[in-house]
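# What the coordinates show
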Amino acid sequence: MKKYNTPLIDQLEKGPWPSFVTEMKKAGKTNEMANDAVGHLEKCYTTKMGYWKHGGIVGVLGYGGGVIGRYSEIGDEFPGVAHFHTVRLNQPSGFFYTSKALREICDIWDKYGSGLTNVHGSTGDLVLLGTKTDALEAIFAEYSSRGWDLGSSGSALRTPSCCVGPGRCEWTMYDTLGLNYALTQEFQDEMHRPTFSYKFKIKSSGCACDCVASIARADMSIIGTWKGDIQIDQNEVKNYASKMNINAEIINMCPTQCMSYDGKELKINNAECSRCMHCIAKMTKALKPGKERGATICIGSKAPIVVGSLLSWVIVPFIKIEEPYTEVKELIRKIWDWWDENAKPRERIGEVIEMKGMRSFLEAIGVPPMPQQIKEPRKDPFMFYTEDDIASYKAKEAEEKKTGKYKF
Amino acid sequence: MALPQRKTDIGPPHFEQFLPPVIKKNYGKWKYHEVLSHNTMVHVAESGDKLWTVRVASPRILSTDTIREHCDIAEKYCGGYLRYTTRNNAEFLVSDEKQLEPLKKDLASRGFKMGGIGYGITNVVHTQGWVHCHSAATDASGLVKAMMDELFEYFESKSLPNKVRLAVACCVNMCGAVHCSDIAVVAVHTKVPTVKHDLFKNMCELPTVIGSCPTRAISPDPANKSVKINPDKCMYCGNCFTVCPPISIKDPERDGVAIVVGGKINSLRSNPKFSKLVIPYISNEPPRWPKVVAAIKHIVEVYAANARKHERMGEWIERIGWERFFSLTGIDFTFQSIDDFTFMRDTMRTASTFKW
Amino acid sequence: METAELQDKIFAFVEAAKGKKKLKEKDIIKGVSAEQNVPGDDVKKAMRAMIDVGRLMYSYGGGASSVEIPSEEYLREKGLIK
């Protein structure tokens, strides 16, 4: 095996933080592809440039995603990375594994690929970095016969992911792991056979802490919330009072100012609480969310390409998330139908909603307008009226004339 | 050797088979948790069962050797169970307190770094960079390594007013949620792309390329059967390169990074926010990007010295005002920090109530 | 319409666009469905069977997925031709 001189990236093996260069070199000891990846990276550091070409047409028979084609422009110099495709393995909900499962994944990967991985990639998949085109069918046969399917890529439903949820969190308002698994299974076709205009991401977070960042990077963000009163254990509040300044750290930091503490009793005006989670997160033994639990569904977030970043918008303020999740699944299909009808190539759903208007979208999915959906009403007087809108406003006025009572 | 029979559309394995017994038993019945140190927390179930978590740093790029070492540890102390986090850390879970100290001792002796829990700095969300991406303007893994070496004390032991979430994106495509981080580094191009006209007509669709441009800088070039790019309108986003490989935007001496701050994901106290641009350009300086690292450390230190307990970076800046952020940090305010793309209306000041 | 006949129509539709336009799966379903007056679901099913055996294939380029006629290289790699 060729020994590369790598003075630049060697400097990234120093220091306390674990080194990816060390990982690459470890794999490169026995693996030609990983070894060339080390040399290839040193070259990038020398010239301050990347050498990867655009993804190409690679994949397994019948699927339109799950493998990202990757070729080097300088494959002659580094033959081990001339083909260096990525394989996405669909991770289990919550990133839980047994050592047995991981060892099996590693054994197969050492046999067919570079021995390098990302645990995990940004979307959530377990990413296997670097293999050749002629190994892809064998890789798929080995993994799928042992229960591991590919994740997604391209213009498709991307591999859904979720927070740790009921696996290890007292704040989760629904079974994020269960929902994530159910949605992944329900929409296998939409994941593996790209039929959309562009990517669509679904991320499920159990509460407003949003540990999978769904509000910022999922076309559909499913964020746990509740109705009803926060449950208070006043004895535990007393214990916290001996460790923290409840007025400074909790009461004064409450964004709705709906709490008070007089040194004896913590009171919450629950009707005014916006369920931000600050008090619950800081006094986890004393406070618990209310008992009627579900999720808020938000739509549209994405990174800056093309016309600026978006955070997801509240669409459905509250929905129950319970097996077999029929309501959520039906909602997702309705959302896709509207998107499909209206999107130009490479338009994310948030961009299409901006173009076509929120009304068109909400009407198509059967959701009424609600003040919970907005930060503030429109500021301009340019608005659409349908004939039906005017007819209904007129009918209301006629009714008022009869009753002698205004209804605004 | 014959290959096993492939199966399609099976989806991932059901997660339940990977849950340790203590989690299966207490699934959805957790009562509270306590952060015991920067590397350990304990979750207590309604049943009284306890689950200790030890968090371990990972460079995200892992060799199979290291994954197997994780497995060895999980087998020795955790019944063979382990998990990873959204921010790429490894977590070892034990239900028997007696296993906790031996586990940590073993991890330390193998050189694994524990930390990242609570009010400090945990692992950095980042993209592929030069290691594996075609559109990278820098190397994400190298930047992360250099940053975390410098900020390591905040991972291992030192506390901040709240957590500081860091991210690195190696181009403006920003895979991962870097645009809502307390501090994020985003690699930028700074020059108008060039077009290889001879390759254009075989590899690119004209309407797609024109439509890919957010600033309408691209127009047809009929003489060359290609396109031309208006340098007065181009903001170097590289989206045209994404849809059309013969358009080239890489430039080693001009590509660099920008720094954005003050974003957050959660809704605690204040709503999720985007990160905002404060440093428009620093040259790429591999292998350790010293100026980028110094800038981030400086911003963290100014935040640590000035923010109130529980205030995230963005909340602190909103309380004191952006003009104060620039004066406290001594960062030069530049034209690039004034939005001239899509958010100008929302971001210009419309009152005379600012600070000197 | 018999599946085999519908598949020929789908193939012809994709072939006609070759080198001119990258077709998304949806473009083909909508186009063939209108052209042949058959339900979109039938087109989808017929096309999926073609992709499963390598008569058509998914492709990716320019940041989006499309459906194309496979190259010889692809067919050889999949062991579908010698």
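None of the values given here were measured: they were computed from a predicted structure.

## A word on the overall build of chain A
In terms of helices and strands, chain A carries 15 helices and 14 strands. For the C-alpha atoms alone, the extent of chain A along its principal axes is close to 90 × 60 × 40 Å. For chain A, contacts bridging at least 24 residues in sequence account for 63% of all contacts bridging at least 6.

## Quick word on the interface of chain A and chain B
Taken residue by residue, the interface counts 101 residues in chain A and 94 residues in chain B. Of the residues forming the side of chain A that touches chain B, the biggest block, 8 residues, is contributed by helix H4 (residues 99–112) of chain A. When grouped by side-chain class, the residues that make up the side of chain A that touches chain B number 52 nonpolar, 31 polar and 18 charged. In this structure, strand S3 (residues 96–98) of chain A lies alongside strand S5 (residues 81–84) of chain B, joined through 3 bridges in antiparallel fashion. Looking across to S5(B), one finds that Thr98(A) is bridged to Tyr81(B).

## Side note on helix H15 (residues 387–403) of chain A
All names here are of chain A. For H15, built from 17 residues, the straight-helix expectation of 24 Å at 1.5 Å per residue is met to within 8% by its first-to-last C-alpha distance of 24 Å. When you tally the buried positions in H15, you get 0 out of 17 residues, a small fraction of the element. Looking one or two residues past H15, Gly-404 carries a phi angle of roughly 75°, positive in sign.

## Here's the deal with the packing of helix H1 (residues 3–17) of chain C against helix H2 (residues 25–36) of chain C
Residues and elements named next belong to chain C. Two elements in contact, H1 and H2, have axes separated by 10 Å at closest approach and are oriented at 120°. Relative to H2, the element H1 is oriented oblique. By crossing handedness, the relation of H1 to H2 is classed as right-handed. The residues of H2 that touch H1, namely those facing Leu-6, Lys-9, Ile-10, Phe-13 and Val-14, are Ile-28, Gly-31, Val-32 and Gln-36.

## Focus on the sheet that holds strand S8 (residues 166–169) of chain B
Residue and element names in this part refer to chain B. What the 5 strands build is an open sheet, ordered S7-S8-S9-S14-S15; its pairing is mixed. Sheet topology places strand S7 (125–126) and strand S15 (276–283) at the edges, where each strand pairs with a single neighbour. Pairing of strand S9 (residues 183–188) with strand S14 (residues 256–261), which is carried by 6 bridges, proceeds in the antiparallel orientation. Bridge pairing in S14 links Val-188 to Gly-256. Set on the sheet, helix H9 (residues 290–306) makes contact with S9, S14 and S15; between it and S15 the angle comes to about 155°.

## Digging into the UniProt feature "domain: Nitrite/sulphite reductase 4Fe-4S" (unreviewed entry) in chain A
UniProt records the feature "domain: Nitrite/sulphite reductase 4Fe-4S" (unreviewed entry) at residues 153–366 of chain A, using the numbering of this structure. For residues 153–366 of chain A, the end-to-end C-alpha separation is 30 Å, with 34% helix and 18% strand making up the annotated structure.

## As for the domain arrangement of chain A
Residue and element names in this part refer to chain A. Each domain of chain A was delimited in the assignment, giving domain 1 (7–145), domain 2 (161–227 + 292–373) and domain 3 (231–288). Relative to domain 3, the C-alpha centre of domain 2 lies at a distance of 31 Å. Counting residues at the interface gives 7 residues for domain 2, matched by 6 residues for domain 3. Residue composition of the side of domain 2 that touches domain 3, grouped by class: 5 nonpolar, 1 polar and 1 charged.

## Considering the sheet that holds S3(A)
One open sheet holds the 6 strands; their spatial order is S3(A)-S5(B)-S6(B)-S3(B)-S2(B)-S1(B), and the pairing between them is antiparallel. In this open sheet, the two edge strands, each paired with only one partner strand, are S3 of chain A together with strand S1 (30–35) of chain B. Mean inter-strand twist for the sheet, computed between neighbouring axes without regard to direction, equals 30°. Strands in contact with helix H3 (residues 100–109) of chain B are strand S3 (50–56) and strand S6 (90–94) of chain B; relative to S3(B), the strand with the most contacts, it is inclined by about 10°.

## Quick notes on the environment of Thr296(A)
Residue and element names in this part refer to chain A. Mapped onto the elements, Thr-296 comes out in strand S13 (residues 292–299). With 23 C-beta atoms counted inside 10 Å, the residue Thr-296 sits in the buried group. Taking C-alpha positions, Thr-296 is 4.7 Å from Pro-317, a pair spaced 21 residues apart along the chain. When neighbours within four sequence positions are excluded, Thr-296 is seen to be in contact with Ile-223, Thr-225, Val-314, Val-316, Pro-317 and Phe-318.

## Examining unusual backbone geometry
With omega at 0°, the peptide bond leading from Glu323(A) into Pro324(A) counts as cis. Turning to its location among the elements, Pro324(A) is positioned in the loop between strand S14 (313–319) and helix H12 (326–342). The omega torsion across Pro286(B) and Pro287(B) is 5°, close enough to zero to call that bond cis. With respect to the element layout, Pro287(B) can be found in the loop between S15 and H9. At Ala213(A), a position not held by glycine, the phi torsion is positive, near 55°. By secondary structure assignment, the location of Ala213(A) is in the loop between strand S7 (202–205) and helix H8 (214–217). Looking at Ala213(A), the number of C-beta atoms within 10 Å reads 30, which means it is buried. In this structure, Met277(A) is a non-glycine residue whose phi angle is positive, near 85°. Its place among the elements puts Met277(A) in the loop between strand S11 (266–268) and helix H11 (278–282).

Rules used in this analysis
- Residues numbered from 1 in each chain as written.
- Chains lettered and ligands numbered in written order.
- Predicted model: local features only at pLDDT ≥ 70, side-chain atom pairs only at ≥ 80, totals over all residues.
- Helix = DSSP H or I, 4+ residues; strand = E, 2+ residues; numbered from the N terminus.
- Contact = placed C-beta atoms within 7 Å.
- Nonpolar A, V, L, I, M, F, W, Y, C, P; charged D, E, K, R; others polar.
- Pairing = 2+ DSSP bridges.
- Expected span 1.5 Å × (residues − 1).
- Buried ≥ 20, exposed ≤ 12 C-beta atoms within 10 Å, placed from the backbone.
- Axes fitted to C-alpha atoms, helices over the stretch in contact; angles between N-to-C directions.
- Parallel < 35°, antiparallel > 145°, perpendicular 65-115°, else oblique.
- Left-handed = near helix turned anticlockwise from the far one by under 90°.
- UniProt positions renumbered as here; feature names shortened; annotations may be inferred.
- Domains from an automatic or database assignment.

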